[in-house]
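Reading the structure
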Amino acid sequence: MAKVEFRKVWKIYPGDVAAVRDADFTIESGEFMVIVGPSGCGKSTTLRMVAGLEDISRGEILIDGRVVNDVAPKDRDIAMVFQNYALYPHMTVYDNMAFGLKMRKYDKNEIDERVREAAAILGLEELLERKPKALSGGQRQRVAVGRAIVRKPKVFLFDEPLSNLDAKLRVQMRAEISRLHQRLGATMIYVTHDQVEAMTMGTRITLMKDGLVQQIEAPLELYRRPSNRFVAGFIGSPAMNLFDGRYEDGSFRSGELRIELPRDLGFDVPESVTLGLRPESLRLAGESDAPVLSAKAELVEPLGSEVYLHADVAGHRLVARLNTEEEIHPGQTVRLTFDPSRLHFFDGASGDRLSPSVTGVAT
């Protein structure tokens, strides 16, 4: 296990293109850090700088207290699992897992012990004599993980390792990698564009956009207290409903949309404000509920125990994640309500979170 530190790290490509800008954070020893963000945000570049596959333009990266800027990848004591598995097709599973140890001149008995131990952890004992072409996608990914485990590195690096798997296998492998972290207690850095993977796997999440770290937080805290509008819209499935408008006379107004709110929100309200409401915070309204939104259904996605309702509310698109078995049809008008304490507020100009000091509004 090892601590990984980023100290004012930049990656600048020719043409003055900054892929990573001023990354300054620490991944603690034994932590499972997920780096997430949209395509092109710099997350894979960040991982590759830790691995030594990308040069660092400015700043320092430390592994276990040692500056590794000029240290060769093979000398960093890290192991990386790639998106495309990167297995040798002519080698058996056993030989693929043993290859790195053989190159480092490990004793034959120790190689055998490490390979069989990793195979037992990953359920690969019956597959050791097969070649990659005889394996499923999930099995190949387990072999790639096993090849990293046998190294017993200080840091494990995962670069979107599940993106080539189907939905069912992704769920299965998410659980397997999480259990592996619990069992090994190793430092793991995991890059993904999938915020569901990030929320379910990470001890903490680093969310990036345009090369900049937006927020680093535990998954639930990131969900509950997004630091800005981008984080709010990225974390959560479906995405948070965001409405741009103004706060006037105890009401939020955006075109024809009006929502009654407490007169004292606990913060100075700027000229323009963005109101956020998560789809899962909405429910069908009863007779005595308030506030109430009149929503005209446009698209209904039944998911068994839940319904995703895409609706028009006073000229605004809104998505509600409803825990109901009641049938709703396109064109139907339904009444929706929510707990005002679930609302989020962001500065309309900067996008930064507005943090109220009173209870009753999301903080």
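Bear in mind the structure is a predicted one, so any value in this text is a computation, not a measurement.

1. With respect to the environment of Glu60
Following the sequence through the fold, Glu60 ends up in strand S4 (residues 58–63). Residue class for Glu60 comes out partly exposed when judged on its relative accessible area of 32%. Among all residues touching Glu60, those that are not within four sequence positions of it are Glu5, Phe6, Arg7, Val9, Val67 and Asn69.

2. What about helix H3 (residues 108–122)?
Given a rise of 1.5 Å per residue, 15 residues ought to cover 21 Å, and the 21 Å separating the end C-alpha atoms of H3 matches this to within 8%. Regarding H3, the residues found buried are Ile111, Arg114, Val115, Ala118, Ala119 and Leu122. End-on view of H3: buried residues confined to an arc of 130 degrees, all on one side of the axis. The outward face of H3, more than 90 degrees from its buried face, is lined by the exposed residues Asn109 and Glu113. On its buried face, H3 sits against helix H2 (93–103) and helix H4 (137–149). Where H3 begins, the capping side chain belongs to Asp107, and its oxygen is found 2.9 Å from the backbone nitrogen of Asn109. One or two steps after H3, the chain reaches Gly123, where phi turns positive at roughly 70 degrees.

3. Points about helix H1 (residues 43–51)
Judged by how many residues are buried, H1 sits mostly within the fold: seven of nine residues are covered. Within the span of H1, buried status applies to Lys43, Thr45, Thr46, Leu47, Met49, Val50 and Ala51. Remark: Gly52 follows H1 within two positions and exhibits a positive phi of approximately 90 degrees.

4. Things to note about unusual backbone geometry
Note: most peptide bonds trans; most residues except glycine with negative phi. Cis geometry marks the peptide bond from Ser237 to Pro238; its omega dihedral reads -5 degrees. On the secondary structure map, Pro238 appears in the loop between helix H8 (229–234) and strand S11 (241–248). The peptide bond linking Ala290 to Pro291 adopts the cis configuration, its omega dihedral lying at -5 degrees. Considering the arrangement of structural elements, one finds Pro291 in the loop between strand S15 (282–284) and strand S16 (292–302). One non-glycine residue, Asp210, lies in positive phi territory at about 55 degrees.

Basis of the calculations
- Residues numbered from 1 in each chain as written.
- Predicted model: local features only at pLDDT ≥ 70, side-chain atom pairs only at ≥ 80, totals over all residues.
- Heavy atoms only, no water.
- Helix = DSSP H or I, 4+ residues; strand = E, 2+ residues; numbered from the N terminus.
- Buried < 20%, exposed > 50% of the residue type's maximum accessible area, 1.4 Å probe, protein only.
- Contact = heavy atoms within 4.5 Å.
- Expected span 1.5 Å × (residues − 1).
- Arc of directions from axis to C-beta.
- Polar contact = N/O pair within 3.5 Å; in protein donor to acceptor, adjacent residues only side chain to side chain.

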